[in-house]
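# Structural characterization, general
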Amino acid sequence: MNHTHAANGEAAIVNENQSMSLSDVVTRLSEERNSREDVVLNTRDHLTMIPTEDGSDVEVGFVGDGEVSNRLLGERLPATEWAHSQIASKAGIPSKYYNRMRTEAPALLADNVSHWWDTEPENRMVRAVGVNGTSRIRAFLSTRFQILDNLDFVTRVFSAAEEFDAQARNCHITDDRLHVQLLTPRKREIPSRTGDVVQQGITIRNSEVGDGRIVVQPWVFRLVCSNGMLSTQQFRRTHLGSKQEVGILSASTIAKQADATWSEVTDWVKWSLDAAHFDEMVATLDRAATTTVIATARDATANITRDFNLSRQEGLAVLERYLRMADETQYGIAQAVTHVAHEMAAVGTFQRRVELESIGGNIVDTSPDKFSNRVNRAVTAKDMEKVLGIQAA
């Protein structure tokens, strides 16, 4: 679950696993675009932290020069959990103590943060949305943060993907992150696996608030089980741009600075959805389907769990699926991982689902020799208990 603070200071909960329609995503992004305020402010001259009127939490107050942002001047806005984490980090306050003060002593937290903003002033980019409505601060960022907004991102991606007849499969959006998965009609059967058909697609990800890079990544969707797998080849860009001075960031300035990135995004979408590239991905899957795992299921799963930092619960779920599939190949254990990713749609977060789909792709993309060295290592009884919690018989 992703928690944000509503205009009244109470926590609003967004279900990160609930897929939305593309039209709903665009509608939400358009509404946010029309109500956002992006501005660079000086912490001493323009910002203060104050307790809420009922004393149960804290808000950020906007003071000082009205020319900096007439819409924000005099406002006092709640912040999302992510923005609070950024404020805590920049103030040098450990998150555990910050959260304790926020819960048990909001006035003390307000004094602490305001003190450091005043005595160690610096310029920060503040991203607010819903000003004069359901208002909140979404991000507290460096002045070198490059704004690459979700609405522009989605528009560019779908424009580039239109010639491939791509359609949205999953759309997930929270205050912190955007994930969209697209599929084209193009399908291929894995040559060594009769009836095992995969469909071509891409996954795109972004965070407008500094919680991740902008990513375009080739994706394959397995029809027999609805598992997805992400390629290790991907377009990634950090939100790093030129330093911004105090003042309002205009839409034209933001658009101009983002143009080069959007051109690269367009090129990557078209490359990712090209038929020749899809054929290469299918060939990689076919190679993995003929690369045998020699180790026992427990040893192989323990090695994957340890090398890719899976939780014990995830590792055991992979082992259960791997045993049930009885597919002792590189492809088989990768599919066991992506099956767990698919289950994350119900019990985990969509972000973790994407991470596990990437791990599945990493396993498949690994050369046979390197894969063999990784997965076929013997695992000691001590390590088996540590990694999977399984004791020797």
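One can find the structure itself at the top, above this paragraph.
Here we summarise the structure given alongside this text. The model shown is predicted, which means the values in this text are computed figures rather than measured ones. (Residues numbered from 1 in each chain as written. Predicted model: local features only at pLDDT ≥ 70, side-chain atom pairs only at ≥ 80, totals over all residues. Heavy atoms only, no water.)

### Comments concerning the packing of helix α10 (residues 312-325) against helix α14 (residues 381-388)
The test is simple: Interaxial angle, 0 to 180 degrees, is taken between N-to-C directions of lines fitted to C-alpha atoms, where a helix line uses only the stretch in contact. Helix and strand assignments follow DSSP, with helices taken as H or I runs no shorter than four residues and strands as E runs no shorter than two, numbered in order from the N terminus. The scheme is simple: roughly parallel for angles under 35 degrees, roughly antiparallel for over 145, roughly perpendicular for 65 to 115, oblique for anything else. For this analysis, residues touch if any pair of their heavy atoms sits within 4.5 Å.
Direction vectors running N to C along α10 and α14 enclose 105 degrees, while the axes themselves pass 8 Å from each other. As judged from the angle between their axes, α10 and α14 are roughly perpendicular. Along its contact with α10, which presents R312, G315 and L316, the element α14 presents E385, K386, V387 and L388.

### Examining the packing of aromatic side chains
To keep it simple, the criterion reads: Aromatic contacts are taken between Phe, Tyr and Trp rings whose centres are within 6.5 Å, Trp giving its six-membered ring; a plane angle under 30 degrees counts as stacked, one over 60 as edge-to-face, and the others as tilted. Here the term buried applies to any residue with accessible area under 20% of the maximum for its type, exposed to any over 50%, and partly exposed to those in between, with areas from a 1.4 Å probe on protein chains only.
Under the criterion given, the structure shown has 5 aromatic pairs. Seen in terms of ring centroids, F153 and W262 are 5.9 Å apart; in terms of plane orientation they differ by 20 degrees. Their pairing is stacked. Taken together, the positions of F153 in helix α6 (residues 150-161) and W262 in helix α7 (residues 251-272) put the pair 109 residues apart, joining distant regions of the chain. Classification of W262 as buried rests on a relative accessible area of 3%. With a centroid separation of 6.3 Å and an interplanar angle of 45 degrees, the aromatic rings of F235 and W268 are classed as tilted. Pair noted here: F235 is in strand β14 (residues 235-237) and W268 is in helix α7, with a separation of 33 residues, a long-range link. A relative accessible area of 24% places W268 in the partly exposed class. Counting every residue linked through ring pairs, the aromatic cluster contains F235, W268 and W271.

### Some thoughts on the nonpolar core
For clarity, the cut-off: To define a nonpolar core, start from buried Ala, Val, Leu, Ile, Met, Phe, Trp, Tyr and Cys residues and group those joined through side-chain atoms within 4.5 Å.
If you look at the biggest cluster of nonpolar residues, it comprises 40 residues, and the most contacted ones within it are L285, I304, I333, L356 and I363. The set of elements that each furnish at least two residues to this core consists of α8 (275-289), α9 (297-307), α10, α11 (330-347), α12 (350-365), α13 (368-375) and α14. In terms of residue count, the dominant contributor to this core is α11 (8 residues). Those residues in contact with L356, other than ones at most four positions away along the chain, are L310, E314, V337, V340, A341 and M344. Among the nonpolar cores identified, the runner-up in size contains 27 residues, and L29, F164, L182 and L273 belong to it.

### Looking at α8
Note the following rule: To estimate the expected span of a helix, count its residues, drop one, and scale the result by 1.5 Å.
The first and last C-alpha atoms of α8 sit 21 Å apart over 15 residues, in line with the 21 Å expected at 1.5 Å per residue. By the burial criterion, the buried members of α8 are H277, F278, M281, V282, L285, D286, A288 and A289.

### Side note on the environment of D165
Considering the arrangement of structural elements, one finds D165 in the loop between α6 and β9 (167-173). As for D165 and L183, which are separated by 18 residues in sequence, their C-alpha atoms are 8.4 Å apart. With near-sequence residues (within four places) excluded, D165 lies in contact with L183, T184 and P185.

### Re the sheet that holds strand β3 (residues 36-42)
Test applied: We treat two strands as partners when DSSP finds at least two bridges between them.
The antiparallel open sheet is built from 4 strands, whose spatial order is β8-β7-β3-β15. Each edge of the open sheet is held by one strand with a lone partner, namely β8 (136-141) and β15 (247-248). Pairing of strand β7 (residues 123-129) with β8, which is carried by 5 bridges, proceeds in the antiparallel orientation. Directly across from V126, in β8, lies its bridge partner F140.

### Quick look at the pairing of β9
As defined by bridge partners, β9 adjoins strand β10 (residues 178-189) across 6 bridges and the pair is classed as antiparallel. Note on β10: the bridge partner recorded for I173 is L178. In textbook terms, the turn of a hairpin is the stretch between consecutive antiparallel strands, and for β9 and β10 this stretch comprises 4 residues.

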